[in-house]
Amino acid sequence: MTEDETSNNSNSPSQPLLSKPPYSMDEPPLLSSSTPDTEIIESDENQYPIITFNYDSRTYQDLPFSILFFLFLLSTFAFGIFSIFHRNPNSSSSDLSSFTYNFNTSSCVKIKSPPPSASSFVTVLDDFKFNQISLVGLGFGSLSSSHVLKDLILTLITTLVLSGPFALGLLWLLRHYTKQIIYSSIPFFVAIPIFFNVYWFVACTVNSKCSDAFPLVYRILALLFVFVIIGVIVWIIVVNWHRIELTVRIVGVASDALARNLGLFAVVPCLTIGLVIYYVPIVVFLVFSSKNGKILPHVDNEGSYTCVWKQDSWVPAYYALAILTMLWSAAVMVEAQIFLISGTIAQWYFSNEESMPMRSIRFSLRNAFGPSFGTVCFSGLLIAAVRIVRAAVDSARREDALPGIVNLALRCCVNALLSAVDFLNKFTINFAAITGEAYCSSAKMTYELLKRNLLSAVFVETVSTRILAGTIFVLSAIYAIMVCAILKAMSDLEVEVYFVAVIAGLLLIGVLGFFVHVLDNVIETVYVCFAIDRDKGEVFKQEVHDVYVHLPISRNHTRTPLIV
């Protein structure tokens, strides 16, 4: 078999993913001296700068975008403070009803109303009773009872307290028993949906109210539909079964890297909490801005005069400014978290076991909100802009605001733009956190780095994300079942117990989903560090190379490595 045939066979779909790597990490590859392209490759490599982690003081990058972000922020707060002091105290609907049109002054004047009497309090009480009756009629009356609310709050607080130890325990299990955890979770990907599907069908059949409201034919159709979805899940697992072993090893390496930087579990959630606190004054400004306006006379079609509320003309513009600032800030915070994780993990990767980096989180945090803050703002602006455009297109599709062909063409353009931004932004922030380069140069250098080493610019190992998502779903479902059993045994709840258990399970999914988000960023950062190692011919973490070398090479590059 010739060398070309061997190379083609190694890239074929039938080749096992965990096949022997093209060279052993203990023995460097031998370059063929008879190949005329060797000198060309060496000359190509000489024109690329040496990439390494930048421990020095970094220069400020992408300053215009950080300045633009602060202008948005200052404008939002300045106009918000102005709206508080400029608000109209008569902006509520009750105050509007006390205004009447005065023909003498051609304006709306306020009528002095008498103090509230006992009859008015009786009316309010009757309205409150009516609202309670309405809630009961709609089926939500049981949820408003005190014991249900008490059990719900107690369950959510307990879940929130336990979610931290759950996440740390899951990290410890994934670090030491990755294979056992993942392989034991896979059967539950199918068993839990089957259990809930059959349980729902039987419970609805036994319950007379449910069976009357949901005929047998529709119940059977819903049952079959869910089984079809379960069949698709089984097919996906079978098709990707050969990649499970690689996923186990990647998750194990990433869990070990995250376990050596546990401070991220404290800092990254604090950034999210800080974003929520940062949102509070903006929400207050939005509330007070709606109170800026005047009560003006209005002539209806019959010629009668009424008093109406009219907002100031700048209020809608301020709403748009504040919402855009909030969306951009959320995207900036997400990118800053990625920057922080990438910088911290990269310092661990490029350090020796004897000399672990000190204050690595503080160093990355200072760079994220210092020299590289403009890069973070630029990346967040791109992500936020694409999400806004996609949301606008989806809204137009739901409302049928555009003709069919125009809507289809616009959706195709938006999807192409989103794919291009995802391709561009995949590892850009990770690379910027390592080198301190600007956004555009980071995107270019990352693509060239991965291309030189025949690595994909859009692929790490997507199966790992799905496996981890399935694992936290299984754990959250088991937790919800345990909560349901405990509440049935220790509380007086009836059908509401299912509602409380589902909310508790969703809360745990949210917390563990945050853990998976951090672990995904660790996987991508280690991938970039592995590419830098491979580009320089160095091995900082042998255990990482032993795993990541098995990732499939990019099929988009025609040049094959010169290995004999």
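Preceding this section is the structure that the text describes.
Procedures and definitions
- Residues numbered from 1 in each chain as written.
- Predicted model: local features only at pLDDT ≥ 70, side-chain atom pairs only at ≥ 80, totals over all residues.
- Heavy atoms only, no water.
- Salt bridge = Lys/Arg side-chain N within 4 Å of Asp/Glu carboxyl O.
- Helix = DSSP H or I, 4+ residues; strand = E, 2+ residues; numbered from the N terminus.
- Buried < 20%, exposed > 50% of the residue type's maximum accessible area, 1.4 Å probe, protein only.
- Core = buried A, V, L, I, M, F, W, Y, C linked by side-chain atoms within 4.5 Å.
- Expected span 1.5 Å × (residues − 1).
- Patch = residues over 30% accessible without salt bridge, like charges linked within 9 Å, V, L, I, M, F, W, Y side chains within 5 Å.
- Areas by Shrake-Rupley, 256 points an atom, 1.4 Å probe, with all protein chains shown as cover.

S.K.: Can you help me understand the pattern of salt bridges in this one?
M.R.: If the charged atoms of two oppositely charged side chains come close together, the side chains can form a pair. Per the stated rule, a full pass over the model turns up five salt bridges. The residue Glu-245 makes a salt bridge to Lys-179 at a minimum N-O spacing of 4.0 Å. Of this pair, Glu-245 sits in helix H10 (residues 244-259) while Lys-179 sits in helix H7 (residues 178-206), and the two are 66 residues apart along the sequence. When its relative accessible area of 44% is taken as the criterion, Lys-179 is described as partly exposed. Across the pair Arg-452 and Asp-535 runs a salt bridge, and its minimum N-O distance is 2.9 Å. Remark: Asp-535 occurs in helix H19 (residues 496-536) and Arg-452 occurs in helix H17 (residues 439-452); sequence separation between them is 83 residues. Using a relative accessible area of 17% as the deciding quantity, one classes Arg-452 as buried.

S.K.: What exactly am I supposed to notice about the nonpolar core here?
M.R.: In globular proteins that are soluble, nonpolar side chains generally tend to be buried together. Counting 88 residues, the largest nonpolar core has Leu-258, Phe-515 and Tyr-548 as the members making the most contacts within it. Ranked by the residues each element gives to this core, the list is headed by H19, at 19 residues. One finds Phe-69, Phe-373, Val-376 and Cys-377 within the second-largest nonpolar core, a separate group that totals 13 residues.

S.K.: I'm lost on H10 in this one. Help?
M.R.: Under the 1.5 Å per step criterion, the end-to-end length of H10 is 22 Å for 16 residues, consistent within 8% with the ideal 22 Å. For H10, the buried fraction is high: 14 of the 16 residues fall into the buried class.

S.K.: When you look at unusual backbone geometry in this model, what are you seeing that I'm missing?
M.R.: What is expected of a backbone is that most residues other than glycine have negative phi and most peptide bonds are trans. Unlike most non-glycine residues, Asp-62 shows phi in positive territory, near 50°. Along the polypeptide, Asp-62 turns up in the loop between helix H2 (38-46) and helix H3 (63-85). Residue classification places Asp-62 among the buried residues on the basis of a relative accessible area of 16%.

S.K.: Explain a nonpolar patch on the surface to me, please; I cannot follow it from the model alone.
M.R.: Together, Phe-195, Phe-196, Tyr-199, Ile-481, Val-495 and Tyr-498 line one region of the surface with nonpolar side chains, adding up to about 550 Å² of accessible area. Locating Tyr-498 in the fold gives a position in helix H19.

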